[in-house]
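A look at the structure
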Amino acid sequence: YLNTKGKTMIGWDEILEGGLAENAIVMSWRGEEGGIEAAKQNHKVIMTPVGWCYFDYYQAGPEGEPLAFPNQMTTVEKVYSYEPIPKELSKEQAKYVLGAQCNVWSEYILDGKHAEYMVYPRAIALSEVLWSPQVNDRGYPEFVKRLNNLQPYLDQLNLNYFDRIIRLSINLTNSLLKGKAKKMTEMRPSSMNILQNSRQHVLSQIQQACEISGRDV
């Protein structure tokens, strides 16, 4: 009926159980199995598996965190580790995977600010996964540094985001800077002479560290 009206059907992976209608798109939420099966049947797929893409789950804690779906955890790092193209698919079958989607169910979410907190920065992590090429290791520590640089923009938008990872990144950068400064003051005069001869190199390193932390030199 929908096809006769020029419409496209999109359904959760339960629609596989009754046989897929022509041109139906499958939302694979109960893991990746539904998406794999649909793609092998030459049906388009949106990957949204509960283990990686449900943002009504806790992202830390639960101590100190706002109310979320009980006894479930999906950290930013886990979201960033997701690969939307299952390895079980051939190159040809992988073309049927349209992308991925995050979900936020509101049974435990009290208001809009609470919803923002559950979504960000996990939505940023998933977005980068979908925008980047398929690799074995995306480099989570580097992603956290980029999150640090995004903090002023998130603040400008007045978003109520989960900031614990960003604060950890800033604290780590500050510790590294303090460690460099301490080593410099403990150097012997001969070492200081060497340092002065390579002053430009040291300034370049400090500049890079400050850019990572978002601070002025």
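Let me sum up the structure you'll find in this document. Computed from a predicted model, the values in this text were never measured in an experiment. (Residues numbered from 1 in each chain as written. Predicted model: local features only at pLDDT ≥ 70, side-chain atom pairs only at ≥ 80, totals over all residues. Heavy atoms only, no water.)

**Let's talk about the overall build of the chain**
The following threshold applies: Under the DSSP-based scheme used, a helix requires at least four consecutive residues in state H or I and a strand at least two consecutive residues in state E, with every element numbered from the N terminus. Only heavy atoms matter for contacts: two residues are in contact if any of them lie within 4.5 Å across the pair. Working definition of accessibility: Shrake-Rupley area with a 1.4 Å probe, residue cover restricted to the visible protein chains.
Secondary structure assignment for the chain yields 10 helices and six strands. Contacts spanning at least 24 positions in sequence make up 54% of the contacts within the chain whose residues lie at least 6 apart. On the chain, roughly 13,400 Å² of surface is accessible, and the fraction owed to carbon and sulfur atoms is 53%.

**Observations concerning the side chain of Ser28**
For clarity, the cut-off: Buried, partly exposed and exposed residues are distinguished by accessible area as a fraction of the type maximum, computed with a 1.4 Å probe on protein chains only: under 20%, between the cut-offs, and over 50%, respectively. Identification of polar contacts relies on pairs of N or O atoms within 3.5 Å, with a donor-acceptor requirement for protein atoms, meaning one able to donate a hydrogen and the other able to accept it, and with residues adjacent in sequence counted only if both atoms are side-chain atoms.
Mapping Ser28 onto the fold places it in strand β2 (residues 25-28). On the basis of relative accessibility, which here comes to 0%, the residue Ser28 falls in the buried class. Engagement of the side chain of Ser28 in a polar contact is seen with the backbone nitrogen of Gly35, the distance being 2.9 Å. Residues in contact with Ser28, not counting those within four places in the same chain, are Asp13, Glu33, Gly34, Gly35, Val45, Ile46, Met47, Thr48 and Pro49.

**What to know about the nonpolar core**
We apply this condition: Throughout this description, the term nonpolar core refers to a set of buried Ala, Val, Leu, Ile, Met, Phe, Trp, Tyr and Cys residues connected via side-chain atoms within 4.5 Å.
With 39 residues, the main nonpolar core has Val76, Tyr140, Phe143 and Ile165 as its most contacted residues. Not counting the four nearest positions on each side in its chain, Ile165 is found in contact with Val76, Tyr140, Val144 and Leu147.

**Some points on the sheet that holds strand β6 (residues 97-100)**
So the rule is basically this: A strand pair is defined by DSSP finding two or more bridges across the two strands. Lines fitted to C-alpha atoms define the axes here, with helix axes fitted over just the stretch in contact, and angles between the N-to-C directions of these axes take values from 0 to 180 degrees.
Taking strand neighbours across the sheet as the criterion, the four strands line up as β1-β2-β3-β6 in an open arrangement whose pairing is parallel. Two strands close off the open sheet at either side, each with one partner strand: β1 (10-12) and β6. Going across the sheet, the axis of each strand differs from the next one's by a mean of 25°, ignoring polarity. Contacts from helix α1 (residues 33-40) reach β2 and β3 (45-47) within the one sheet, and its direction differs from that of β2 by about 155°.

**Topic: a nonpolar patch on the surface**
So the rule is basically this: Candidate patch residues must exceed 30% relative accessible area and have no salt bridge, after which like charges are joined if within 9 Å and Val, Leu, Ile, Met, Phe, Trp or Tyr side chains if within 5 Å. For this document, the term salt bridge refers to a Lys or Arg side-chain nitrogen within 4 Å of an Asp or Glu carboxyl oxygen.
A cluster of nonpolar side chains, namely Leu150, Tyr153 and Leu157, defines an oily patch on the protein surface of about 280 Å² accessible area. As for its placement among the helices and strands, Leu150 is situated in helix α7 (residues 140-156). When its relative accessible area of 32% is taken as the criterion, Leu150 is described as partly exposed.

**A short note on the pattern of salt bridges**
Overall, the coordinates contain nine salt bridges when judged by the stated rule. Close ionic contact of Asp13 with Arg30 constitutes a salt bridge, the shortest N to O distance being 2.6 Å. Highlighted residues: Asp13 in the loop between β1 and β2 and Arg30 in the loop between β2 and α1, separated in sequence by 17 residues. Residues Arg138 and Glu83 are paired through a salt bridge, measuring 2.8 Å at the closest nitrogen-oxygen approach. Residue Arg138 is located in the loop between α6 (122-131) and α7, and its partner Glu83 is located in the loop between α3 (76-80) and α4 (91-94); the two are separated by 55 residues in the primary sequence. Exposure class is identical for Arg138 and Glu83. Each is buried. One connected set of salt bridges, linked through shared partners, spans Asp13, Glu17 and Arg30.

**Let's talk about α7**
In plain terms, the rule: Between the first and last residue of a helix there are one fewer steps than residues, each counted as 1.5 Å, and that sum is the expected span. In this analysis the local bend is the angle between axes fitted, respectively, to the seven residues ending at and the seven residues starting at the residue.
Compared with the 24 Å implied by 1.5 Å per residue over 17 residues, the 25 Å span of α7 between its first and last C-alpha is a close match. At Leu150, α7 shows its largest bend, some 45°, and a proline, Pro152, comes one to four positions later. All of the buried residues along α7 are Tyr140, Phe143, Val144, Leu147, Asn148, Gln151 and Leu154. Looking one or two places after α7, you find Asn158, whose phi comes out positive at around 60°.

**Details of the environment of Phe143**
With respect to the helices and strands, Phe143 occurs in helix α7. According to the relative accessible area criterion, Phe143 is buried, its value standing at 1%. In the structure, Phe143 is positioned 15 residues away from Glu128 in sequence and 8.9 Å away in space, judged by C-alpha atoms. Phe143 has contacts with Val76, Tyr80, Ile124, Ala125 and Glu128, leaving out every residue within four places of it along the chain.

**What to know about the packing of aromatic side chains**
Applied cut-off: A pair of Phe, Tyr and Trp rings is counted when the ring centres sit within 6.5 Å of each other, with Trp represented by its six-membered ring. The angle between the planes then sorts it: under 30 degrees is stacked, over 60 is edge-to-face, the rest tilted. Criterion for a charge above a ring: Arg CZ or Lys NZ at most 6 Å from the ring centre, at most 35 degrees from the ring normal.
Counted by the stated rule, this structure contains 11 aromatic pairs. Geometrically, the ring pair formed by Tyr54 and Tyr57 is tilted, given 6.1 Å between the ring centres and 55° between the ring planes. Ring centres of Tyr54 and Trp105 lie 6.3 Å apart, and the angle between their planes is 50°; on these two criteria the pair is classed as tilted. Of this pair, Tyr54 sits in the loop between α2 (50-53) and β4 (57-58) while Trp105 sits in the loop between β6 and α5 (112-119); the two residues are 51 residues apart in sequence, bridging distant segments of the chain. Residue class for Tyr54 comes out buried when judged on its relative accessible area of 6%. Aromatic rings pair up to connect Trp12, Trp29, Tyr54, Tyr57, Phe69, Trp105 and Tyr108 into one cluster. If you follow Lys78 out to its NZ or CZ, it ends over the ring of Trp52, 5.7 Å from the centre.

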